[in-house]
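Residue-level structural notes
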Amino acid sequence: MSEIRFDGKTAIVTGAGGGLGRCHALELARRGANVVVNDLGPAMDGSEGTSDGAKAVVEEIRALGGTAIANGSSVADDAGVKKMIDDTMSEFGRIDVIIANAGILRDKSFAKLTVGDFDIILDVHLMGTVKPFMAAWDIMKEQQYGRLVVTTSSTGLYGNFGQANYGAAKLGLVGLMNTLKQEGAKYNIKVNAVCPVAATAMTENLMPPALLEALKPEYVTPGVMNLVKEDAPTGTILSCAAGGFSIAQIRETKGAFVGTGDALTAEAVAAKWDEIADDSVLQAFDNGSGHTGHFIRMIQEAQKG
């Protein structure tokens, strides 16, 4: 197996002043990348902080003999994102990798959440991924090369009590990935998602110490390197925790053709519900046409019958 290297490549890692982002940034630097360490340094609820963490990670990288610069922009701020991209291009002349890792929490049950609690989480997690990707998209198209990673969550994929705002943002990132993988394909832009479970400042109060010890953030990073390498996959959701890795997918049952016209009633759907819900055969679709084609084939089969 050949060594995964990023010599001559430039990577931006957001939220890289600690936790998962720090581990990603350090590993990219060890493997030859120029790294932009972005971190505004807010508290976990998004309140004001400093970018001292980003500067400290840059010093770690330089101590290893690597090349890095710090950036304290907010990923939710248009001017800040523009500065991050401009500074990267001025320093390194290209952008090959963006790992969107920045995040905060506002955990409350749905009854206690405010619209503001949704707004700030969507701004940081969803729009804080969209904005850097959008700012670098034309650069990557011109280069005919780009590797993008969104950071989703099991909360987005499967739900978690008290995290409706967080889950909505995290599943939104999967929708973003699923479209960008199609739009980026002809430009050699690959887009993937990492779904990590790790002991970070965001999880330290949610798990017992023994479990946190097993969930070191550095155990996630080797998987992420495979999502941004030269021969990376695209459209993959890689779940990572405690040294284990798996692929998550959105799949559908085979389903059933119920009918059209007057024959298609709510009762007719109910009568075929067991067949519709039968999960013994599940299918994953790469794009909208594949999903549409599934139902077209269903109609054709019914007509033949």
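Residues numbered from 1 in each chain as written. Predicted model: local features only at pLDDT ≥ 70, side-chain atom pairs only at ≥ 80, totals over all residues. Heavy atoms only, no water.

Some points on the packing of aromatic side chains
Geometrically, a pair of aromatic rings is defined through the distance of the ring centres and the angle of the planes. In this structure the tally under the stated criterion is one aromatic pair. Taking the centre distance of 6.3 Å and the plane angle of 90° together, the rings of F110 and F118 count as edge-to-face. Seen from the ring of Y145, K9 lies directly overhead, with NZ or CZ sitting 4.9 Å from the centre. Between R147 and the ring centre of Y145, over which it is positioned, the NZ or CZ distance is 4.2 Å. (Phe/Tyr/Trp six-rings, centres within 6.5 Å; stacked < 30°, edge-to-face > 60°. Lys NZ or Arg CZ within 6 Å of the ring centre and 35° of its normal.)

A word on the environment of K141
Note on placement: K141 falls in helix α4 (residues 115-143). With 93 residues separating them along the chain, K141 and T234 place their C-alpha atoms 16 Å apart. (Helix = DSSP H or I, 4+ residues; strand = E, 2+ residues; numbered from the N terminus.)

Remarks on the side chain of T221
Here T221 shows up in helix α8 (residues 221-228). At a separation of 2.9 Å, a polar atom in the side chain of T221 contacts the side chain of H24. With sequence-adjacent residues up to four places away left out, T221 is seen in contact with L20, C23, H24 and E27. (Polar contact = N/O pair within 3.5 Å; in protein donor to acceptor, adjacent residues only side chain to side chain. Contact = heavy atoms within 4.5 Å.)

With respect to the pattern of salt bridges
All chains considered together, the criterion is met by 14 salt bridges. Residue R30 is joined to E27 by a salt bridge in which the shortest nitrogen-to-oxygen separation is 3.0 Å. One end of the pair is R30 and the other is E27, both in helix α1 (residues 19-30) and three residues apart, which spans about a single turn. A salt bridge links D231 to K229, with the nearest nitrogen and oxygen atoms 3.8 Å apart. A single salt-bridge network, built from bridges that share partners, covers E3, R5 and D7. (Salt bridge = Lys/Arg side-chain N within 4 Å of Asp/Glu carboxyl O.)

A look at the pairing of strand β6 (residues 189-197)
Burial of β6 is extensive: seven of the nine residues sit out of reach of the surface. As judged from the six bridges shared by strand β5 (residues 146-151) and β6, these two strands associate in the parallel manner. Considered in β6, the bridge of R147 is made with K190. When β6 meets strand β7 (residues 237-241), the two strands line up parallel, connected through five bridges. Along β7, the bridge assignment pairs V194 with L238. (Buried < 20%, exposed > 50% of the residue type's maximum accessible area, 1.4 Å probe, protein only. Pairing = 2+ DSSP bridges.)

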